[in-house]
Amino acid sequence: MLLKVTVLLLALSIGKSDVITKPILSLQPPWTTFFSYEKVHLTCGHLDLMGLGDILWYKEGKKFHQTSRKTTVISQSGQYSCGSQDSALSDPMNITFYNDWLILQTPYSVFEGDAVILQCQGWKKAKLSKVTFYKWRNPIYFTKENKPLSIEAARIEHRGQYSCNGYMKSGNIHENSKPVILQVQELFPQPELRIKNSTEAMSESPMTLSCETQLPPQRSASRLYFSFYKDNRTIRGRDQSTEYCIPATIMADAGFYWCVAASEDGQVQKQSLRLEIQGSTSLPMVPMGHRRIQLVLGITLVLFGLTGITAVFLYYFRLLKKAEGTAAPDPARGPFIPGTPETLKASSSQDLESCPVYTNAISKDPSPREEDSSVIYSNLVLP
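Thresholds applied
- Residues numbered from 1 in each chain as written.
- Predicted model: local features only at pLDDT ≥ 70, side-chain atom pairs only at ≥ 80, totals over all residues.
- Heavy atoms only, no water.
- Core = buried A, V, L, I, M, F, W, Y, C linked by side-chain atoms within 4.5 Å.
- Buried < 20%, exposed > 50% of the residue type's maximum accessible area, 1.4 Å probe, protein only.
- Helix = DSSP H or I, 4+ residues; strand = E, 2+ residues; numbered from the N terminus.
- Contact = heavy atoms within 4.5 Å.
- Phe/Tyr/Trp six-rings, centres within 6.5 Å; stacked < 30°, edge-to-face > 60°.
- Lys NZ or Arg CZ within 6 Å of the ring centre and 35° of its normal.
- Pairing = 2+ DSSP bridges.
- Axes fitted to C-alpha atoms, helices over the stretch in contact; angles between N-to-C directions.
- pLDDT = per-residue confidence, 0-100.
- Disulfide = S-S within 2.5 Å.
- Salt bridge = Lys/Arg side-chain N within 4 Å of Asp/Glu carboxyl O.

> Please explain the nonpolar core as it appears in this structure.
Proteins that are soluble and globular tend to have nonpolar side chains buried together. Counting 21 residues, the largest nonpolar core has Phe188, Leu193, Leu209, Phe228, Ile246 and Tyr257 as the members making the most contacts within it. Elements with a minimum of two residues in this core: β19 (192–195), β20 (207–212), β21 (224–230), β23 (243–246), β24 (255–263) and β26 (275–277). What Phe228 contacts, discounting residues up to four positions off in sequence, is Leu193, Leu209, Cys211, Thr234, Ile235, Arg236, Ser241, Thr242, Glu243, Tyr244, Trp258 and Cys259. Within the second largest apolar cluster, 18 residues are counted, among which are Val131, Cys164, Leu182 and Val184.

Dropping the structure here:
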């Protein structure tokens, strides 16, 4: 009782959605397909800890029932969910009731690493023989005595459409089941290796690496184990702690680091991207997966820069060539200078002479005239 009160007070102080984001719907028996004469018990979990009052039951998104208890019984096909007036709805669950001779029963909730059993069932437990299981209509398992299809540790690639067929009543009647979709959910995402104190990390200060991932709410009671690696060796074996501390990021500790998160039984293991740590600098560390992208972007920018500079130089040299082709040097005038240069400051030096600077046209008469507006005089220092 004390635990419930504590959780409720915590929810009121920081927001209910931060404690339990939404309820979890489960069912018993734990299948998604049933015969029409069977009853199924639905349970809306976690709402008792939130103290949110009556539970609302939904079918196809519409409320069909309200109870003070967290369990109800159904016997019709549909998409079911649950919640309360102050909570979000649970994830929907599709449940199907068949009036067939044969059905394939699959678990409703499967995560990576789970042991999975698929069983072919006859109407009212009728005996089956020579049973074949199919995935995407391809035969994958045959049993003479109707043994279930077992998957020791489910993986994402086990997702798919399954069905079965077999003989009933002493092998006289051959029946086929309806196809059923087996969903395998990710137990936890690929871990990400991060530097916990990256903003404070200096070249001679401790550095903490954190291997970050998360279990789903349905498996919050499960435990994960973490190990850390540098280059080609293990620097810390399996442990429940998500952190590893490097005593000092000196040059000896420079290298490529990564971590592995694993389930308790080791059936599910996922590795993070490699993280490069440079011991003699406090520059940002970049995972190897992003370094290639940055390298490509850097090379692209350099090529664009070189192309732009080359274009500017080519344009400038074309101007020079064009100017040299339209005006020959005249000793009486001095050297021809294209463009409009800045006016030099006057000087008392004896080496200064006045030289015309041509901008748009070249005067045929070297002596200046009042109507010649294309000639500008400036003081230049002759070599």
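> How should I be thinking about the packing of aromatic side chains in this particular structure?
To describe a pair of aromatic rings, one takes the distance between the centres and the angle between the planes. For the structure on display, the rule yields eight aromatic pairs. With centroids separated by 4.9 Å and ring planes inclined at 85°, the aromatic side chains of Tyr37 and Trp123 adopt a geometry described as edge-to-face. Pair noted here: Tyr37 is in the loop between β2 (33–35) and β3 (40–45) and Trp123 is in the loop between β11 (116–122) and β12 (128–135), with a separation of 86 residues, a long-range link. Residue Tyr37 is classed as partly exposed on the basis of its relative accessible area of 33%. Trp123 sits in the partly exposed class, given a relative accessible area of 22%. Seen from their ring centres, Tyr229 and Trp258 are 5.7 Å apart, and the 10° between their planes marks the pair as stacked. With Tyr229 in strand β21 and Trp258 in strand β24, this pair connects stretches of sequence that are 29 residues apart. Classification of Tyr229 by relative accessible area gives partly exposed; the value is 22%. By the ring-pair criterion, three or more aromatic residues cluster together here, those being Phe35, Tyr37 and Trp123. Lying over the aromatic face of Tyr225, Arg238 brings its terminal NZ or CZ to 4.6 Å of the ring centre. The positively charged end of Arg274 is found above the aromatic ring belonging to Phe256, 4.9 Å away from the centroid.

> Looking at this structure, I do not really get the sheet that holds β2. What am I missing?
Strand-to-strand pairing in sheets goes through backbone hydrogen bonds, with the strands running parallel or antiparallel. Strand order across the open sheet formed by five strands is β2-β8-β7-β4-β5, with mixed pairing between neighbours. Each edge of the sheet is formed by a strand with only one pairing partner; in this case those strands are β2 and β5 (62–67). Mean inter-strand twist for the sheet, computed between neighbouring axes without regard to direction, equals 30°. Of the pairings in the sheet, the one linking strand β4 (residues 55–59) to strand β7 (residues 78–83) comprises four bridges and is antiparallel in character. Paired with Tyr58 across the strands is Ser81, a residue of β7.

> Got a minute to help me understand the confidence of the model for the chain in this structure?
Looking at the chain as a whole, the pLDDT averages 77, with 67% of positions reaching at least 70. Between residues 281–285, whose pLDDT stays under 50, and residues either more than four places distant or in other chains, the model counts 10 contacts. Here residues 327–383 is modelled with pLDDT under 50, and outside its nearest four sequence neighbours on either side it reaches 62 contacts, counting other chains as well.

> Sorry if this is basic, but what is going on with the environment of Gly78 here?
Tracing the backbone through its elements, the reader meets Gly78 in strand β7. According to the relative accessible area criterion, Gly78 is buried, its value standing at 12%.

> Looking at this structure, I do not really get the state of the cysteines. What am I missing?
Applying the stated rule across the entire model yields three disulfides. Note that Cys211 is cross-linked by a disulfide to Cys259, the S-S spacing being 2.1 Å. Residues Cys211 and Cys259 share a disulfide whose torsion about the S-S bond is about 75°; that sign makes it right-handed. Of this pair, Cys211 sits in strand β20 while Cys259 sits in strand β24, and the two are 48 residues apart along the sequence. When sorted by exposure, Cys211 lands in the same class as Cys259, which is buried. In the chain, the bonded cysteines, numbered by position in the sequence, are linked as 1-2, 3-4, 5-6.

> Can you walk me through the pattern of salt bridges in this structure?
Opposite charge on two side chains lets them pair, provided their charged atoms get close. Within the structure shown, the criterion is met by 10 salt bridges. Across the salt bridge formed by Arg194 and Glu192, the nearest N and O atoms sit 3.1 Å from each other. Since its relative accessible area comes to 40%, Arg194 is described here as partly exposed. Arg194 is the partner of Glu212 in a salt bridge, and the nearest nitrogen-oxygen pair spans 3.3 Å. Pair noted here: Glu212 is in strand β20 and Arg194 is in strand β19, with a separation of 18 residues, a long-range link. What makes Glu212 partly exposed here is its relative accessible area of 33%. Several salt bridges converge on common partners, so that one network encompasses Glu112, Glu186 and Lys270.

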